[in-house]
There are 2 protein chains.
Amino acid sequence: ETAPDSLLRPGIDDPNRQASQQQPPPYSSLACPNPPAPRPRSMRGRFEKMIRGIQKQVCAAIEEVDGNTFRQDAWTRPGGGGGITRVMQEGNVWEKAGVAVSVVYGTMPAEAYRVAVGKDIPFAKDDRVPFFAAGISSVMHPWNPHCPTMHFNYRYFETEDWKGIPGQWWFGGGTDITPNYIVEEDMRHFHGVYKAVCDRHDPTWYDKMKGDCDDYFMIAHRGETRGLGGIIYEDLNDRDKEEIFAFATDAANHIVEAYVPIVKKHKTDPYSPRQKEWQQIRRGRYTEFNLVYDRGTIFGLKTGGRIESILMSLPLTASWRYDYQVDPQGPEQKFLDAVRNPKEQQWV
Amino acid sequence: ETAPDSLLRPGIDDPNRQASQQQPPPYSSLACPNPPAPRPRSMRGRFEKMIRGIQKQVCAAIEEVDGNTFRQDAWTRPGGGGGITRVMQEGNVWEKAGVAVSVVYGTMPAEAYRVAVGKDIPFAKDDRVPFFAAGISSVMHPWNPHCPTMHFNYRYFETEDWKGIPGQWWFGGGTDITPNYIVEEDMRHFHGVYKAVCDRHDPTWYDKMKGDCDDYFMIAHRGETRGLGGIIYEDLNDRDKEEIFAFATDAANHIVEAYVPIVKKHKTDPYSPRQKEWQQIRRGRYTEFNLVYDRGTIFGLKTGGRIESILMSLPLTASWRYDYQVDPQGPEQKFLDAVRNPKEQQWV
C-alpha cells in the first residue's frame, strides 16, 4: 500500500498549504530560480514531518542490520486521521519489529479536557473539544536473548481554542530498553546517548526522565520494572514549544545510535536453551506490563484504536511458567535484582 | 508441602468445632460405637469442604489421563487466610494445568460494601466491614490444538453483621471451554452436561447463564469471545442459600464429566504446524482477555494476591503475529465466525 504524503487535513493543517497561505514566499521566483519549498509552519505539520522522517530513518537502519524489509500498511480512521504502520516479522535478527505513525483528530469530551487542563471550566454535559494528536511508537523484539528489546514513543497533542480558552498543547515521549541480561557497557552506552541528548536541552532532564521512566515501567504486581529504563516525559508544556520540539526531535534522532550498535554487537552471540527460556519469561513480563499497565495500550484498546497497530508491541512469543526459579548465583538473578531496584541503577 | 486440614480460623469458622459446639452429637457413643463425624454447619466450613473435595476430584481425573502428578503449594496470607495451589506443568497431555483453592478473610472498605449491598448505609470514612471469601479456580491448557482449554471458578462470599445490618452473602462461579476448532459433537456434550445441571435446579438458568458467559468472556477490542462459552453466575443470592449451594456443588461435581472425555477423545489427534500456530494465536487472545478484562485476575493483581496462583491461568506459551490471516474457507475462519457471534451458537 502506498502511504499518503501527509495524514493532515488538506487546507486545515496541511503544512505546505498553510505555509503558502499564511506568508509570502521568502524569495521571488525572479531572484531565485529554484526557491526552497515552503516550510511548514504549524506544529501539527512539522511534528508529522519529523515523525515520518524518524519512521524512515529507523526502519532503514533496522533493515540494514536485518537484511529483511518492513511491510507497510496505511490506514484511515473513520473519526478522522489515519496512520502508517510498518512491521517486519520473522526477520533474520528481529522476530518482530514495528514502527507506527498515527495522526488523529476529532473531538474529546469536555470533562476529559477540563481534567487535562486542570482548570474549572464551565461546560455543558455533551460539550466536546476539538483535538489533534500525532505520534510515532515502536517496539523491536530480537530473536537472540542477548539482544535487547527496545521501545520508543514520541507524540504531540493539541486542542483548539474553545470557550475563549486558547488551544492547549502537550508533548510526550521517550525511549527505553529491555534486555534479558545486564551488560553494563551496553547500558552505559544506551543511557549515555540519552543523557547527552537531555544535557543539550536541560541539565536536570536526564535524572528526572530516567527516574520517571523507572516509575512508569513498573510492573506493580511483580515489584519489578519491565526493563532497564531510559527516559520518559509526559504532558510536557512548561517552556517554549520550540524548545520542547527541538528536544523531541533530538531524542528521536538518537534512537538508532542508542540501540542499533548493541544489537549489532550481540546478534550472533551463542545462547543456550535455558537462556532462550529466560527470554521467553521476560517476554511474558513485557506482555503483562503492556496489557495491565501501559496507559497508551489500554487507552487504545478501550477507545477503538487500530488493534493491529496497538498490539504490534507484543512479542511474537511469550511464556508463563508457574513459580519460575532462577539460579541465585546466576545472571538472571542479577537481572532481577536490577529490575527490583531500578533507582539504584545509575548507568551514567 | 503439606496442606492443612482446613484454612478456616480455628474456633471461629472451623466446621467441625462449630458443629460440636453448637449441637449435641446425633448419637450417643453407647448406642452407636462408630458415630459419624460431626457435620460442619456453617456455609463457610461446608463451602471449603466442597471446594477442597473438588480440587482432589479434578486433579485425580487429570492425573489419570495425563500420567503426571500435580505439585502442591500451601500458602498463607498475612492479612488472614491462605490457599492450596496445585499445578502440573509440561505433562504428557497438558502443558499447564492448575487448580487453586483459597480461603481469605479480613475487612473491606465500607464504601465497597455499601455499593455491593446497594443500600444507602451511613458509615464513617475509615469504617471497614469484616468479610470472608472462599473459592476454587482452575485453568487447563493441553498441548494438542485439538484439545480444548477449560476454566472453572466456584466461590462464596460473606460479610458479618455490621451496623445492625445482617451479614450478606453471594455465590459466584461457572465453567467454560475454549477450543481452537469447533467440534459440534464436543460442544453439544459440554453444554449438554451443564444444561442438565442447570435444569435440575432452575429451568431458566442455562439460557441465562450461557448468555451471561458469552457476555463476560468478550474480548471487547477484538469483538470476539475467548472461547465457546459455558455457564457463569455472579452475585447470586436471590433464593435460599441451601438451594444455591446445592447448585454450585452440582455444577462443580460435573466439571470432570463435561471436560475430560473431550480431551481423551482428541489427545492423540495428529496436527500440523499451522494448527499449532493457530493454537498459539488463540492462547494470545486468552492472555489478552485475562490481563485486560478478567475482573478476578485484575482484582487479584491490584490487591496484592498471590501472583503465582493468579497467573497460573496464563498459558505456558502464547503468540502474537501482526495482522494474522486465516483461510476464509478453513476451520479457523469458522471458529472466528462463532466467537464473533456467540449468541447465535445454541449447542443444546
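How each quantity is defined
- Residues numbered from 1 in each chain as written.
- Chains lettered and ligands numbered in written order.
- Predicted model: local features only at pLDDT ≥ 70, side-chain atom pairs only at ≥ 80, totals over all residues.
- Heavy atoms only, no water.
- Pairing = 2+ DSSP bridges.
- Helix = DSSP H or I, 4+ residues; strand = E, 2+ residues; numbered from the N terminus.
- Axes fitted to C-alpha atoms, helices over the stretch in contact; angles between N-to-C directions.
- Contact = heavy atoms within 4.5 Å.
- Phe/Tyr/Trp six-rings, centres within 6.5 Å; stacked < 30°, edge-to-face > 60°.
- Buried < 20%, exposed > 50% of the residue type's maximum accessible area, 1.4 Å probe, protein only.
- Least-squares fit on C-alpha atoms with pLDDT ≥ 70 in both.
- Salt bridge = Lys/Arg side-chain N within 4 Å of Asp/Glu carboxyl O.
- Parallel < 35°, antiparallel > 145°, perpendicular 65-115°, else oblique.
- Left-handed = near helix turned anticlockwise from the far one by under 90°.
- Nonpolar A, V, L, I, M, F, W, Y, C, P; charged D, E, K, R; others polar.
- Expected span 1.5 Å × (residues − 1).
- pLDDT = per-residue confidence, 0-100.

### Examining the sheet that holds strand β5 (residues 149-159) of chain B
Strand pairing in a sheet relies on backbone hydrogen bonds, with the paired strands running either antiparallel or parallel. All names here are of chain B. What the seven strands build is an open sheet, ordered β1-β2-β3-β4-β5-β6-β9; its pairing is antiparallel. Strands with a single pairing partner mark the edges of an open sheet, and in this sheet they are β1 (71-76) and β9 (230-236). On average, each strand axis in the sheet is inclined to that of its neighbour by 10°, with strand direction left out of account. For strand β2 (residues 81-89) and strand β3 (residues 94-109), the ladder comprises nine bridges, and the chain directions are antiparallel. Each residue of the ladder has a partner; that of Val87, found in β3, is Gly98. Sitting on the sheet, helix α3 (residues 110-117) touches β3, β4 (128-142), β5 and β6 (169-178), and the angle it makes with β3 is about 105°. Here helix α7 (residues 255-266) sits on the sheet in contact with β3, β4, β5 and β6, set at roughly 165° to β5.

### Points about the packing of aromatic side chains
Inspection of the entire model under this criterion finds 40 aromatic pairs over all chains. Judged by centre distance (4.8 Å) and plane angle (45°), the rings of A:Tyr156 and A:Phe171 are tilted. Of this pair, A:Tyr156 sits in strand β5 (residues 149-159) while A:Phe171 sits in strand β6 (residues 169-178), placing them 15 residues apart in sequence. Just as A:Tyr156 is buried, A:Phe171 falls in that class too. Measuring from ring centre to ring centre gives 6.3 Å for B:Tyr154 and B:Tyr233, while their planes differ by 45°; the resulting arrangement is tilted. On the criterion of sequence distance, the pair formed by B:Tyr154 in strand β5 and B:Tyr233 in strand β9 is long-range, its members being 79 residues apart. Both residues of the pair, B:Tyr154 and B:Tyr233, count as buried.

### Structural notes on the relation of the copies chain B and chain A
Of the transformation placing chain B onto chain A, the axial shift is 0.1 Å and the rotation is 180°, giving an RMSD of 0.1 Å. The two molecules are tied by a two-fold rotation axis, judged by turn and shift.

### Remarks on the pattern of salt bridges
Counted according to the given criterion, the structure contains 67 salt bridges over all chains. A salt bridge links A:Lys208 to A:Asp212; the shortest N-O distance between them is 2.5 Å. Placement of both A:Lys208 and A:Asp212 in helix α5 (residues 205-216) is noted, with a separation of four residues, approximately one turn of the helix. Taking the relative accessible area as the measure of exposure, A:Asp212 reaches 28% and is therefore partly exposed. Of the charged contacts in the structure, one is a salt bridge between B:Lys343 and B:Asp215, with a shortest N-O distance of 2.8 Å. Of this pair, B:Lys343 sits in the segment after α11 (331-340) while B:Asp215 sits in helix α5 (residues 205-216), placing them 128 residues apart in sequence. For B:Asp215, a relative accessible area of 46% gives the class partly exposed.

### What to know about the packing of helix α2 (residues 43-66) of chain A against helix α7 (residues 255-266) of chain A
Residue and element names in this part refer to chain A. In contact at an axis separation of 11 Å, α2 and α7 are set at 10° when each is read in the N-to-C sense. Judged by the angle between their axes, α2 and α7 are roughly parallel. In the crossing of α2 with α7, the sense of the turn from one axis to the other is right-handed. Every residue of α7 that contacts α2 at Ile54, Gln57, Val58, Ala61, Ile62 and Val65 is listed here: Ile255, Val256, Tyr259, Val260 and Lys264. Tallied by class, the residues present in the contact of α2 with α7 amount to nine nonpolar, one polar and one charged.

### Comments concerning the environment of B:Asp250
Mapped onto the secondary structure, B:Asp250 falls in helix α6 (residues 241-252). In this structure, B:Asp250 is in contact with B:Val197, B:Arg200 and B:His201, ignoring residues within four places of it in sequence.

### Focus on the sheet that holds strand β9 (residues 230-236) of chain A
Residues and elements named next belong to chain A. The antiparallel open sheet is built from seven strands, whose spatial order is β1-β2-β3-β4-β5-β6-β9. The outermost strands of the open sheet, each flanked by one partner alone, are β1 (71-76) and β9. Strand-to-strand twist in this sheet, taken as the mean axis angle between neighbours without regard to direction, amounts to 10°. Pairing of strand β4 (residues 128-142) with β5, which is carried by 10 bridges, proceeds in the antiparallel orientation. When the bridges of β5 are listed, Ala133 appears paired with Phe157. Relative to the sheet, α2 contacts β2 (81-89), β3 (94-109), β4, β5 and β6, its axis offset from that of β3 by approximately 170°. Along the sheet, helix α3 (residues 110-117) makes contact with β3, β4, β5 and β6, crossing β3 at roughly 105°.

### Description of helix α2 (residues 43-66) of chain B
Residues and elements named next belong to chain B. An ideal rise of 1.5 Å per residue puts 34 Å on 24 residues; α2 measures up with 34 Å between its terminal C-alpha atoms. Counting buried positions along α2 yields 17 of 24 residues, so the element is predominantly enclosed. Gly67 sits one or two residues past α2 and shows a positive phi near 90°.

### What about the confidence of the model for chain A?
Residues and elements named next belong to chain A. Of the residues in chain A, 91% have a pLDDT of 70 or more, and the chain-wide mean is 91. In this model, residues 17-29 is a region of pLDDT below 50 whose contacts with residues beyond four sequence positions or in other chains number 12 contacts. Under the prediction, the complex receives an ipTM of 0.89, its pTM being 0.90.

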